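Understanding the architecture of this molecule
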Amino acid sequence: MHKSQPGPVDNRQSKQSTLFTLPLTAVHLTQGFWANAQQTNRTISLGHGYNMLEQSGNFANLRLAAGLAKGAYTGYLFADSDVYKWLEAVGWELGRADDAQLQAMAAEAITLVERAQQPDGYLNSYYQFVLPEKRWTDLDHGHELYCAGHLIQAAVAFQRAVNNGRLLAVALRFVDHLYDLFGPGQREATCGHPEIETALVELYRLTQDPRHLELAQLFIDRRGQNKMRGHAGYGAIYQQDHLPVRQAQEVVGHAVRQLYLTTGVTDLYMESGETALLQAMQTLWDDMTRRKLYVTGGVGARFDGEAFGGPYELPSDTGYLETCAAIASLMWNWRLLLITGGSKYADLFEHTLYNSVLSSPGLEGTSYLYVNPLQVRNGRYVRALVDTGVDEARRRPAWHKCACCPPNVMRLFASLGHYLATANEAGIQIHQFAAASLDLTVNGRSTQLAIATNYPWMGHIEVTVNTTPTEPWTLSLRQPGWCHHAQLTLNGTAIPAEVGENGYLNLTRRWQPGDVLQLELTMDPTFLAPHPRIDALRSCVALQRGPLIYCFESHDQPAGVDLDDVQVRTDEPVAVTAVPLLGGIEAITVPGRMAQLGGAEPLYRRLDEAMEVDWQPVTLTAVPYFVWGNRGMHSMRVWLPQAKLPA
């Protein structure tokens, strides 16, 4: 690919941006935590995804639509979208480095997509094969525009990453068809599942065709008519059709739909500059982060409707926390960061990535969680959508009947370097910490940096300047919100670590080749307490170290310890230990106590009837939440009661 080609978001020409994304190949993850995850995704997960799409019938559905095979349609009516997300992931990976096997798999899939497209540009295997007479008759639930959005994003990836325009030609024909149907003066409708909006804005950034931006705005402006049928008792609120986007005051309804919509609206603001759009998005972000966000960064409290709950409705055991909703949150926060330059958006991006996205894929790269609960009892009630065994045999499923999450993780990991850093006229901003090399330009001059770190296990980040302009420029490093003490040294000499208004440590100077800037983030374990209005968590605490939320998994506790009977001692010190488990992690041992219960205690009792409980001291072991379930799903808790000891 050409060195200057952008990644998933290209805001270089956008009207409203403070920070600007880098070319796709400007950031290369070199080793360590995220390079390993990206390599697993490339060498194992993408091939696994191809096999699963074949086994699950997604490719077969396209063959049916193309008239290349006979048989029955398989899966949900939005099955094509999983193919497109997988293709997007392959596109970004091929942009990082060529691979003959991935090339061949992608070429086969793209050929199927080309063959399935109808002469008028329409493309959806379900409606073409199963209900051809019902095209565009159920925009509330039909997902036709949703699938089109993912097709567009895959097309953008292949065009930018490897200069392959085959999918783009398909997407442009489809969008021409959409413009004829839904453009100005045409049918006033929008999709029940947002996604087309952000895709159309990115297509506009690629093509500079004003019709693409116009269509995105039309779909956004038409939302809020209170006409969509919704789901169960939710009504139009399920699809965010209850209010126009500029009037919305809270995140509601289906969590993925809501956050794909906010992503698209934020994209539209970047191009239009309409202040009301940004104000609405900031209102929704405040509502989400102050009232409806799990401690892992996950969202969606309810299984019913895969939806946001009410304020402070954040149950641990029955929470939904869909992986796709977490990824949608990343997309939204990335765009808000580009617009404002505010570190709080990068903080939430980091927190969600490590704790609510990374918890989905198994460490081996061939299994995925759809939902990410914070408490599990004996491996029960983990939504898997397939039979995955019981107790110790229960694992993450290799795939799902509704397989939206696995290829979503794949496309994120394939493009992960895109989210590490940005640049503007002032200099370079580093938002996420990973061992990486950066090769970019500052004010038209070549600049090369190398980042060395063992993050997230250690808080030491070292940035070496290899090539730099002679003029002064600013290097900005985010001081994470979880870190209350940071130290900076330049070429071995301590310098003030002063956080700017943007939440970053900003250092402006005439940089020299060989300069070494070191950032030391204090990474002590910290107990977290919940808001008193969260009923399910009263008197409980959670454990965090650095960006990682920890959990207590039954595998790591002494024999006979039941996690339902333990309390945490927060008045005594904890210990951090590197252990060779689960790919090499930092575990934390925590003092606690366990109630000695016989099982005959009454379920309820009079308040004035004391229940004598014997407590046994225990040492509990916590592991990062993202690794839970890799040894079989038994019992797990993020929140544990805090021991209340006599004064």
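The structure presented is a predicted model; accordingly, all values stated were derived computationally and were not measured. (Residues numbered from 1 in each chain as written. Predicted model: local features only at pLDDT ≥ 70, side-chain atom pairs only at ≥ 80, totals over all residues. Heavy atoms only, no water.)

1. Focus on the side chain of His351
Basically, it comes down to this: Secondary structure elements follow DSSP: runs of H or I of four or more residues count as helices, runs of E of two or more count as strands, with numbering from the N terminus. Contacts are assigned to residue pairs with any non-hydrogen atoms lying within 4.5 Å of each other.
Looking at the secondary structure, you find His351 in helix H13 (residues 343-357). Filtering out sequence-adjacent residues up to four positions away, His351 remains in contact with Val295, Thr296, Gly297, Ser356, Gln544, Pro547 and Ile549.

2. Observations concerning helix H2 (residues 58-66)
What counts is decided by this rule: Working definition: with a 1.4 Å probe on protein chains only, accessible area under 20% of the residue-type maximum means buried, over 50% means exposed, and in between means partly exposed.
A large share of H2 lies buried, amounting to seven of its nine residues. Restricting attention to buried positions, one finds in H2 the residues Asn58, Phe59, Asn61, Leu62, Leu64, Ala65 and Ala66. Here the buried face of H2 lies against helix H1 (32-55), helix H3 (80-96), helix H4 (100-116) and helix H5 (125-129).

3. Considerations on the sheet that holds strand E1 (residues 27-29)
We count it as follows: Following DSSP output, two strands are said to pair if at least two bridges run between them. Where helices are involved, their axes are fitted lines through C-alpha atoms of the stretch in contact, as for all axes, and angles between N-to-C directions lie from 0 to 180°.
Taking strand neighbours across the sheet as the criterion, the seven strands line up as E1-E5-E6-E7-E12-E9-E10 in an open arrangement whose pairing is antiparallel. Every interior strand has two partners, whereas the edge strands, E1 and strand E10 (493-495), have only one. Averaged over all pairs of adjacent strands, the angle between their axes in this sheet comes to 20°, without regard to strand direction.

4. What to know about unusual backbone geometry
Each neighbour pair has its own omega, and for Tyr455 with Pro456 the value is 10°, a cis peptide bond. Along the polypeptide, Pro456 turns up in the loop between strand E6 (445-453) and strand E7 (460-467). Unusually for a residue other than glycine, Gln240 sits at a positive phi of about 55°. Within the fold, Gln240 resides in the loop between helix H9 (210-221) and helix H10 (255-272). Under the relative-accessibility criterion, Gln240 is labelled buried at 3%.

5. Observations concerning the side chain of Asp140
Within the fold, Asp140 resides in the loop between H5 and helix H6 (144-162). Residues within four places of Asp140 in sequence aside, it is in contact with Gly192, Lys227, Met228, Arg229 and Gln239.

6. Some remarks on the environment of Thr619
Locating Thr619 in the fold gives a position in strand E19 (residues 614-624). On a C-alpha basis, the gap between Thr619 and Val561 in space is 9.9 Å, while along the polypeptide they are 58 residues apart. Apart from residues no more than four positions distant in its own chain, Thr619 is found in contact with Gln557, Pro558, Thr589 and Val590.

7. Focus: the sheet that holds strand E4 (residues 427-430)
An order of E3-E4-E8-E11 is seen for the four strands of this open sheet, with the pairing classed as mixed. The open sheet has two edge strands with one neighbour each: strand E3 (421-423) and strand E11 (504-509). Each strand of the sheet is rotated relative to its neighbour by a mean of 15°, with strand direction disregarded. Sheet contacts for H13: strand E8 (473-478) and E11; angle to E8, the most-contacted strand, approximately 45°.

8. Remarks on the nonpolar core
The criterion, for reference: Take the buried Ala, Val, Leu, Ile, Met, Phe, Trp, Tyr and Cys residues and link them wherever side-chain atoms come within 4.5 Å; each set so joined is a nonpolar core.
Trp34, Trp86, Leu87, Leu438, Leu475 and Val638 are the most contacted members of the largest nonpolar core, which has 213 residues in total. Excluding residues within four positions of it along the chain, Trp86 makes contact with Leu46, Gly49, Tyr50, Leu53, Phe59, Met105, Ala106, Ala109, Pro407 and Met410.

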